[in-house]
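Listed here are the chains, written in short residue letters.
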Amino acid sequence: MRKEVRAMHNEIMELINKYYDVFHKDKQQYKHGDKLPYAARVYDASEMLNLTDSVLEFWLTSGRYVKEFERDLGKFLEVKYVSTVNSGSSANLLAFMALTSPLLGDRRIRRNDEVITVAAGFPTTVSPIINYGAVPVFVDITIPQYNIDVTQLNNALSSRTKAVMIAHTMGNPFDLQEVKSFCDKHDLWLIEDNCDALGSIYSIDGEERFTGTVGDIGTSSFYPPHHITMGQGGAVYTNNPLLNKIIRSMRDWGRDCVCASGQDNFCGHRFDGKYGELPQGYDHKYVYSHFGMNLNITDMQAAIGVAQLKKLPVFIKKRQYNWNYLYSGLEKLKDKLILPEPAPKSNPSWFGFMLTCHEGVDRKKVVPYIESKGVQTRMLFAGNLIKHPCFDEMRENGSGYRVAGSLQYTNQIMNDTFWIGVYPGLNEEMLDYMISVVKEAVKM
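Small disclaimer: the values here were computed from a predicted structure and weren't measured.

A. Quick peek at the overall build of the protein chain. Of regular secondary structure, the protein chain possesses 13 helices and 14 strands. At 23 Å, the protein chain has a C-alpha radius of gyration in line with the 22 Å of a compact globule built from 444 residues. Overall, the protein chain is about 75 × 65 × 45 Å in size when its C-alpha atoms are taken along their principal axes. Burial statistics for the protein chain: of 444 residues in total, 54% are counted as buried. Of the contacts made within the protein chain by residues no fewer than 6 positions apart, 74% connect residues no fewer than 24 positions apart. Here the protein chain displays about 20,500 Å² of accessible surface, and carbon together with sulfur accounts for 52% of that area. The protein chain carries 49 positive and 51 negative side-chain charges, and their two centres are separated by 2 Å.

The structure is reproduced here in structure tokens:
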């Protein structure tokens, strides 16, 4: 019977390989006149083979592929603990949730405590702060690096400050040396939103480190436009064993038990413990030490991620090559556009190529022209988050957030900045076309 099953499995896999060659391979081939997306999934038959293998096994929740992915991502990042979750947004939520745990004593984040962040970015870096009743304190960014202005950190500090939670914008690391020193000096938590920067490197204290691994907690997203994808998905990682314990608990319904899905009595004391005011010997699998959620991924998602992770080093190099190619092609437009700059002491794994219009160049004309030529553009996400409708009530009440200093450059990027793609599926023909279109747009 086993031989028969193995033969059937091999036959299915051979068909998947053929199916990829017939129906999927050409989908990733560029033809002149095709729309050029800002990002897209890049894959081959290996992702489909892994996915099919997982489907045939029919283990529908987290299983062996999740374990393999968490292990391999940890090895890549050189970080001790990795927990997969169902999205990058959930990763940020879980990272912040962990810092509210009673297990952290006086360092836990409580309602009305303050968290330093920026308004120029994606909302899910900030929404967990608000959701848990803490107060985001917004500081400005710099151009052309598009990251937090570290000279404003002291202005943002108060007796209620408990953490800094910011992203590495478009793969460009923020000043980790300065931010980490600031956090260490004032005993603050540091959450690195690494969703747009997987594989970026920063040299801190003379040692090269992957972004996301310098602070207390790092997060990643595996949504299709990101560096690798599993459709939906994300990860939270840390080197702190206590934080890892909290993260695992809160990800898994808030359970006190550490048994994996399908596992019973790992500790050997499932029915003899005493927890809270529960009766002696209450089933440890149903003891809850936190208010948590189910944020797990499926083994099918992780199967895709395992195949993608093997491609990550090549993806990073291609993103860097494409970014440099665009820079060379657009360098003569510096009188029209502010070109991006990598952070000092960094080697970014770029997510996109940022462009800011100089005075006299109208983004409202430039972007529609570029889009009309089939080249996708994007804004720097929220631009200035506090200008959005979700902040209307908070503005009217005059509470719920604080702004430290001016948001001059945040407002500038809201009005004048956009970006184009550098994802690994772009080749030189596509990049040349993008360069020519941008040149045409700014000379109108």
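B. Highlighting the sheet that holds strand β7 (residues 207–210). One open sheet holds the 3 strands; their spatial order is β7-β6-β11, and the pairing between them is antiparallel. Strand pairing shows two members of the sheet lacking a second neighbour, β7 and β11 (346–347), which therefore form its edges. In the sheet, strand β6 (residues 201–204) pairs with β11 via 2 bridges, with the strands oriented antiparallel. Opposite Ile201, over in β11, you have Asn347 as the bridge partner.

C. The sheet that holds strand β10 (residues 337–338), seen in detail. Strands sit in the order β10-β12-β14 across an open sheet of 3 strands; the sheet is antiparallel. Sheet topology places β10 and β14 (417–421) at the edges, where each strand pairs with a single neighbour. Strand direction decides the pairing type here: β10 and strand β12 (residues 352–357), joined by 2 bridges, are antiparallel. Each residue of the ladder has a partner; that of Ile338, found in β12, is Thr356.

D. Just the nonpolar core, in detail. Formed by 56 residues in total, the largest nonpolar core has its most connected members in Phe69, Leu73, Phe353, Leu355 and Ile420. Listed by contribution, the elements that provide at least two residues to this core are α3 (64–77), β9 (234–238), α9 (299–330), β12, α10 (363–372), β14 and α13 (428–442). Counting residues per element, this core draws most heavily on α9, at 12 residues. Residues Tyr38, Ile166, Cys183 and Leu380 belong to the second largest nonpolar core, which totals 31 residues.

E. Quick look at the pairing of strand β2 (residues 114–118). Within β2, 5 of the 5 residues are buried, leaving the element largely enclosed by the surrounding structure. Here β2 shows no split at all, with Glu114, Ile116 and Val118 on one side and Val115 and Thr117 on the other all buried. Bridging between β2 and strand β4 (residues 161–167) involves 3 bridges; their strand directions are parallel. Bridging across to β4, Val115 finds its partner in Ala163.

F. Broad picture of the packing of helix α2 (residues 45–57) against α9. It is the contact of α2 with α9, at a shortest axis distance of 8 Å, that shows an interaxial angle of 155°. Taken together, the axis directions place α2 and α9 in an arrangement best described as roughly antiparallel. You can see that α2 and α9 cross each other, and the crossing is right-handed. Facing α2, whose interface residues are Ser46, Glu47, Asn50, Leu51, Ser54 and Val55, α9 presents Asp299, Met300, Ala303, Ile304, Val306, Ala307, Gln308 and Lys311. Residue classes in the contact of α2 with α9 are distributed as 7 nonpolar, 4 polar and 3 charged.

G. Focus on unusual backbone geometry. Omega for the peptide link from Ile143 to Pro144 comes to 20°, which places this bond in the cis form. By secondary structure assignment, the location of Pro144 is in the loop between β3 (135–139) and α6 (153–156). Positive phi values are uncommon outside glycine, yet Asn112 reaches one of about 75°. As for its placement among the helices and strands, Asn112 is situated in the loop between α4 (88–98) and β2. Phi angles above zero are rare outside glycine, and Trp253 is one such case at about 70°.

H. Region of the structure containing a nonpolar patch on the surface. On the surface, Trp253, Tyr282, Tyr286 and Tyr288 cluster together into a nonpolar patch covering about 470 Å² of accessible area. Along the chain, Tyr282 turns up in the loop between α8 (241–251) and α9.

I. Structural view of the pattern of salt bridges. The full count for this structure, using the stated rule, is 18 salt bridges. For Asp184, the salt bridge is made with Lys180, and the minimal N-O distance between the two is 3.0 Å. One end of the pair, Asp184, and the other, Lys180, are both in helix α7 (residues 176–186), 4 residues apart, so they sit about a helical turn from each other. The exposure class of Asp184 is partly exposed, given its relative accessible area of 49%. Looking at Lys180, the relative accessible area reads 22%, which means it is partly exposed. Ionic pairing is found between Asp252 and Arg251, a salt bridge with its closest N-O pair at 2.9 Å. By relative accessible area, Arg251 is classed as buried at 5%.

J. Summary view of the packing of aromatic side chains. Summed over the entire model, instances satisfying the criterion amount to 17 aromatic pairs. Between Phe122 and Phe381, the ring centres sit 5.3 Å apart and the planes meet at 90°, which makes this aromatic pair edge-to-face. Remark: Phe381 occurs in the loop between α10 and α11 (392–397) and Phe122 occurs in the loop between β2 and α5 (127–131); sequence separation between them is 259 residues. We classify Phe381 as partly exposed; its relative accessible area is 28%. For the ring pair Trp323 and Tyr327, a centre distance of 5.5 Å and an interplane angle of 25° mean the geometry is stacked. Pair noted here: Trp323 and Tyr327 are both in helix α9, with a separation of 4 residues, about one helical turn. Pair check on accessibility: Trp323 and Tyr327 agree, each one buried. In this structure, Arg107 is placed above the aromatic ring of Trp189, and the distance from its NZ or CZ to the ring centre is 3.7 Å.

What counts and how
- Residues numbered from 1 in each chain as written.
- Predicted model: local features only at pLDDT ≥ 70, side-chain atom pairs only at ≥ 80, totals over all residues.
- Heavy atoms only, no water.
- Helix = DSSP H or I, 4+ residues; strand = E, 2+ residues; numbered from the N terminus.
- Rg over C-alpha atoms; globule rule 2.2 N^0.38 Å.
- Buried < 20%, exposed > 50% of the residue type's maximum accessible area, 1.4 Å probe, protein only.
- Contact = heavy atoms within 4.5 Å.
- Areas by Shrake-Rupley, 256 points an atom, 1.4 Å probe, with all protein chains shown as cover.
- Lys, Arg positive; Asp, Glu negative; His and termini not counted.
- Charge placed at Lys NZ, Arg CZ, Asp CG, Glu CD.
- Pairing = 2+ DSSP bridges.
- Core = buried A, V, L, I, M, F, W, Y, C linked by side-chain atoms within 4.5 Å.
- Axes fitted to C-alpha atoms, helices over the stretch in contact; angles between N-to-C directions.
- Parallel < 35°, antiparallel > 145°, perpendicular 65-115°, else oblique.
- Left-handed = near helix turned anticlockwise from the far one by under 90°.
- Nonpolar A, V, L, I, M, F, W, Y, C, P; charged D, E, K, R; others polar.
- Patch = residues over 30% accessible without salt bridge, like charges linked within 9 Å, V, L, I, M, F, W, Y side chains within 5 Å.
- Salt bridge = Lys/Arg side-chain N within 4 Å of Asp/Glu carboxyl O.
- Phe/Tyr/Trp six-rings, centres within 6.5 Å; stacked < 30°, edge-to-face > 60°.
- Lys NZ or Arg CZ within 6 Å of the ring centre and 35° of its normal.

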